[in-house]
Amino acid sequence: MEALLLSIKLAICVSAILLLCGAPLAYWLANSQWRGKFLLESIVALPLVLPPTVLGFYALLAMGPRGPLGRLWQAVFGRGLAFTFGGLVIASVVYSLPFAVQPLIAAFEGVDRKLLDASAVLGAGRLRTFWRVILPLSVPGVITAVVLSFAHTLGEFGVVLMVGGNLRGITRTVSIAIYDHVQSLEYVEANRLALALLGFSFAVLAVVYGINRQVARQIGRRMWTPWAPR
């Protein structure tokens, strides 16, 4: 269970970081008129088509003693970045970025522009409009982004193995632990971990999507009531 708890910890950290960093990026991509926006969109979506081992390889080079991230981390914290939990978090954030950003873009683009115009007419600034209008109406997309990034991080293997290796209690996630048990012909232990991961993942998805449906219904009912920013 140590590996499962480490995976859950990693998934929570990655999901929180992606929500904080991905929301502004998604908002900009959803509203920007810049002609070269497709280039940034391609970079964000790159992990969807790039093999995990390729991404993990370049992440390992960047985090190594001679890599830019590794040297910066060494200068600031006095220790290396590769084969550490911090390195796993950074690599996982990059690998799961599209799973958080793309649902947020879809949610922000789906907000009725008439509501944004009404907010502007009533004197609300962009920041207040985002917090009082856009974000509340995008809650289903936000929940989807968090769930997808959490679930994707929980089941990572290639990137985690390349960047973190297999250090028990530090970088040995549940997917790597299952692989180790299978390699050692320890099918009972592998099955136990796999069932635990399966049950936990299903429970999380069922609860979150149930909440998502209720939130969507509440938003739909509120759309029929008059709105005005306070």
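Residues numbered from 1 in each chain as written. Predicted model: local features only at pLDDT ≥ 70, side-chain atom pairs only at ≥ 80, totals over all residues. Heavy atoms only, no water.

Student: How should the confidence of the model for the chain be read in this particular structure?
Tutor: In low-pLDDT regions, the fine details of the predicted coordinates are not to be read closely. For the chain, the mean per-residue pLDDT works out to 86, and 94% of the residues sit at or above 70. Low pLDDT (under 50) marks residues 226-230, which in the prediction has 11 contacts with non-local residues, meaning those over four places away or in another chain. (pLDDT = per-residue confidence, 0-100. Contact = heavy atoms within 4.5 Å.)

Student: Can you help me understand the pattern of salt bridges in this one?
Tutor: Working definition: two side chains of opposite charge can pair if their charged atoms are close together. Tallied over the entire structure, the rule returns 2 salt bridges. For Glu2, the salt bridge is made with Arg168, and the minimal N-O distance between the two is 3.3 Å. Of the two residues, Glu2 sits in helix 1 (residues 2-31) while Arg168 sits in the loop between helix 9 (158-164) and helix 10 (174-183), which places them 166 residues apart along the sequence. Residue classification places Glu2 among the partly exposed positions, given a relative accessible area of 45%. (Salt bridge = Lys/Arg side-chain N within 4 Å of Asp/Glu carboxyl O. Helix = DSSP H or I, 4+ residues; strand = E, 2+ residues; numbered from the N terminus. Buried < 20%, exposed > 50% of the residue type's maximum accessible area, 1.4 Å probe, protein only.)

Student: I keep staring at the environment of Val139 and nothing clicks. Help me out?
Tutor: Position of Val139 among the secondary structure elements: in helix 8 (residues 139-154). Between the C-alpha atoms of Val139 and Ala107, which are 32 residues apart in sequence, the distance is 8.1 Å.

Student: What's the story with the packing of aromatic side chains in this structure? I'm lost.
Tutor: Aromatic ring pairs are described here by two measures, namely the spacing of the ring centres and the angle between the planes. Overall, the coordinates contain 9 aromatic pairs when judged by the stated rule. Judged by centre distance (6.1 Å) and plane angle (50°), the rings of Trp28 and Trp34 are tilted. For Trp28, a relative accessible area of 36% translates into the label partly exposed. Pairing Phe108 with Phe130 gives two aromatic rings, centres 5.8 Å apart and planes at 65°, and the pair type is edge-to-face. Here Phe130 lies in helix 7 (residues 126-137) and Phe108 lies in helix 5 (residues 85-109), a separation of 22 residues in the sequence. An identical accessibility class is assigned to Phe108 and Phe130; each is buried. One Lys or Arg, Lys9, reaches over the ring of Phe85 and ends 4.7 Å from the middle of that ring. (Phe/Tyr/Trp six-rings, centres within 6.5 Å; stacked < 30°, edge-to-face > 60°. Lys NZ or Arg CZ within 6 Å of the ring centre and 35° of its normal.)

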